[in-house]
Amino acid sequence: SSYRLRDALHPLWQSELTVSGGTRQSPINIQWRDSVYDPHLKPLKIHYDPTTCLYVWNNGYSFQVEFDDSADKSVIMGGPLENHYRLKQFHFHWGAINEWGSEHMVDSKVYPAELHLVHWNPVTSTSFEEAIMENNGLVVIGVFLKLGAHHAGLQKLVDALPAVRHKDAIVEFDVFDPCCLMPSCPDYWTYDGSLTTPPLTESVTWIIKKTPIEVDQNQLEEFRMLLFTSAGEEEKRMVDNFRPLQPLMNRTVRSSFR
Ligand SMILES: NS(=O)(=O)c1ccc(NC(=O)NCCCCO)cc1
Ligand SMILES: [Zn+2]
C-alpha cells in the first residue's frame, strides 16, 4: 500500500522490511472530531520506581533511557488495559526545526517532539523481545512536547546527552522518575497500532496524552546535537527521526474525555 512506498523512500526506513499488508500501522493523525468518547475507559494508573532507571544510550535512531524490567516495579494499569504492563524504556522523536518532529499529529497539528514510554505485558509474555511480537504485547504512552517554559525534570536527562553524542554511546543514569515528564491532565486518546521503527510489528496499544509538556528552545537544541553516526564516522546530526503518517484504515480512536 501507499505507506510501504512512502516509508521505503524515507531516509530512515528505506531499508526497512515492511510488515506486509499492515492494517494497523503507526503513527496516525488523530482527528479530534472523529474520536469516540468511551465512558468505560478508566483513569490511567502509573507507578514508576525511580530506582529502576539503569542508563541512557544512543541507539542510532534516538536516545533511550532503559529500566530494570525484571519485576513489577515500574508499571502502568487501568485506562484501556486489561492488566498491568512493565516500563522497559523511553525515548523521543524530534525535528531539525520546531515546525515539525512529532510522530502523531492532532487535527494535522504537529509538535516539535514526542516522548514514547514503552511498556510490555508480563502476563502474556516472558520478555520484552517476545512481547514485541504479541498482539497487544506492548503499550506505548505518547506525550507531545511543545516549545515553552524550561522543563527542570527533563534537564537532568539533557545534561547527560553530550556523553551519548555518538551511536552506541552509553552513560549510567541511576535515578530518574519518568512521572516528571507526564502532563498533569489525565485526558488521553487510545488506538491499536504498531511500532514506528522496524520491526514495525502491530503489537502496540497506543495511549496518546491530550496535553503537551513544555520544554525550552535550548533543550530542543540539545536533542539536535546528538548524532546518528558512530565515533570516527562522518557526522550526521540526529534530527527528523520520525516516521511519516500511516493510513487510519479500519480503526477508531477512542478518547477518555468528552
Ligand atoms: N517508536 S516506538 O513505536 O515507541 C518503538 C518502540 C520500541 C521499538 N523497538 C525496540 O525496542 N526494539 C528492541 C529490540 C529488542 C532488543 O531489546 C521500536 C519502536
Ligand atoms: Zn518512538
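Everything discussed here concerns the structure shown above.
Residues numbered from 1 in each chain as written. Chains lettered and ligands numbered in written order. Predicted model: local features only at pLDDT ≥ 70, side-chain atom pairs only at ≥ 80, totals over all residues. Heavy atoms only, no water.

A.B. asks: Can you walk me through the overall build of the protein chain in this structure?
C.D. replies: Check the secondary structure of the protein chain and you find four helices and 15 strands. Compactness check: the protein chain gives a C-alpha radius of gyration of 17 Å against a globular reference of 18 Å for 258 residues, within 12% of the reference. Here the protein chain holds 258 residues, and 53% of them are scored as buried. The long-range fraction of contacts in the protein chain, counting pairs at least 24 apart against all pairs at least 6 apart in sequence, stands at 73%. Side chains of the protein chain give 23 positive and 33 negative charges; the mean places of these two sets differ by 6 Å. (Helix = DSSP H or I, 4+ residues; strand = E, 2+ residues; numbered from the N terminus. Rg over C-alpha atoms; globule rule 2.2 N^0.38 Å. Buried < 20%, exposed > 50% of the residue type's maximum accessible area, 1.4 Å probe, protein only. Contact = heavy atoms within 4.5 Å. Lys, Arg positive; Asp, Glu negative; His and termini not counted. Charge placed at Lys NZ, Arg CZ, Asp CG, Glu CD.)

A.B. asks: Before we go on, may I ask you to explain the layout of surface pockets in this structure?
C.D. replies: If you roll a probe as big as a water molecule over the atoms, it shows you where there is empty space left. In this structure, the largest pocket spans a volume of roughly 420 Å³. Surrounding the largest pocket, 22 residues form its lining, Asn 59, Gln 64, Gln 89, His 91 and Thr 197 being those nearest its centre. Per-element tally for the lining of the largest pocket: the top contributor is strand 7 (residues 85-94), with four residues. Split into classes, the residues belonging to the lining of the largest pocket amount to 10 nonpolar, 10 polar and two charged. (1 Å grid on protein atoms, 1.4 Å probe; cavity = no way out; pocket = protein on both sides within 12 Å on 5 of 7 lines; lining within 4 Å. Points joined across faces, edges and corners; volume = space filled by probe spheres on them. Nonpolar A, V, L, I, M, F, W, Y, C, P; charged D, E, K, R; others polar.)

A.B. asks: Teacher, can you tell me more about the pattern of salt bridges here?
C.D. replies: Oppositely charged side chains can form a pair if their charged atoms are brought close together. With the rule as written, the count across this model stands at six salt bridges. Among the ionic pairs, Arg 86 bridges to Asp 72, the shortest N-O distance being 2.4 Å. Note that Arg 86 is positioned in strand 7 and Asp 72 in the loop between strand 5 (63-67) and strand 6 (75-78), a separation of 14 residues in sequence. Looking at Arg 86, the relative accessible area reads 14%, which means it is buried. The class of Asp 72 is partly exposed, set by a relative accessible area of 40%. (Salt bridge = Lys/Arg side-chain N within 4 Å of Asp/Glu carboxyl O.)

A.B. asks: So what exactly am I meant to see when it comes to the coordination of the zinc ion (ligand 2) here?
C.D. replies: Octahedral metal centres with six donors ideally show angles of 90 or 180 degrees, and tetrahedral centres with four donors ideally show 109.5 degrees. Every protein donor of the zinc ion (ligand 2) is accounted for by His 91 (NE2), His 93 (NE2) and His 116 (ND1), and the metal-donor separations fall at 2.0 Å. The coordination sphere of the zinc ion (ligand 2) comprises four donor atoms, whose angles at the metal cover 98 to 117 degrees; the geometry is tetrahedral. Donor residues for the zinc ion (ligand 2) sit on one chain with the sequence pattern H-x1-H-x22-H. Of the two residues, His 91 and His 93, both sit in the buried class. (Donors = N, O, S within 2.8 Å, 3.2 Å for Na, K, Ca; no water. Tetrahedral: all angles 85-135°; square planar, octahedral: opposite > 155°, others 65-115°.)

A.B. asks: Looking at this structure, I do not really get unusual backbone geometry. What am I missing?
C.D. replies: Backbone phi values are negative for most residues with the exception of glycine, while trans is the configuration of most peptide bonds. For the peptide bond that leads from Ser 26 to Pro 27, omega is 5 degrees, which places it in the cis range. Within the element layout of this structure, Pro 27 appears in the loop between helix 1 (2-9) and strand 1 (29-30). Omega for the bond connecting Pro 198 with Pro 199 falls within 30 degrees of zero, at 15 degrees, which places this linkage in the cis form. Checked against the element boundaries, Pro 199 lands in the loop between strand 12 (188-193) and strand 13 (204-209). With a phi close to 50 degrees, Met 249 is a non-glycine residue in the positive phi region.

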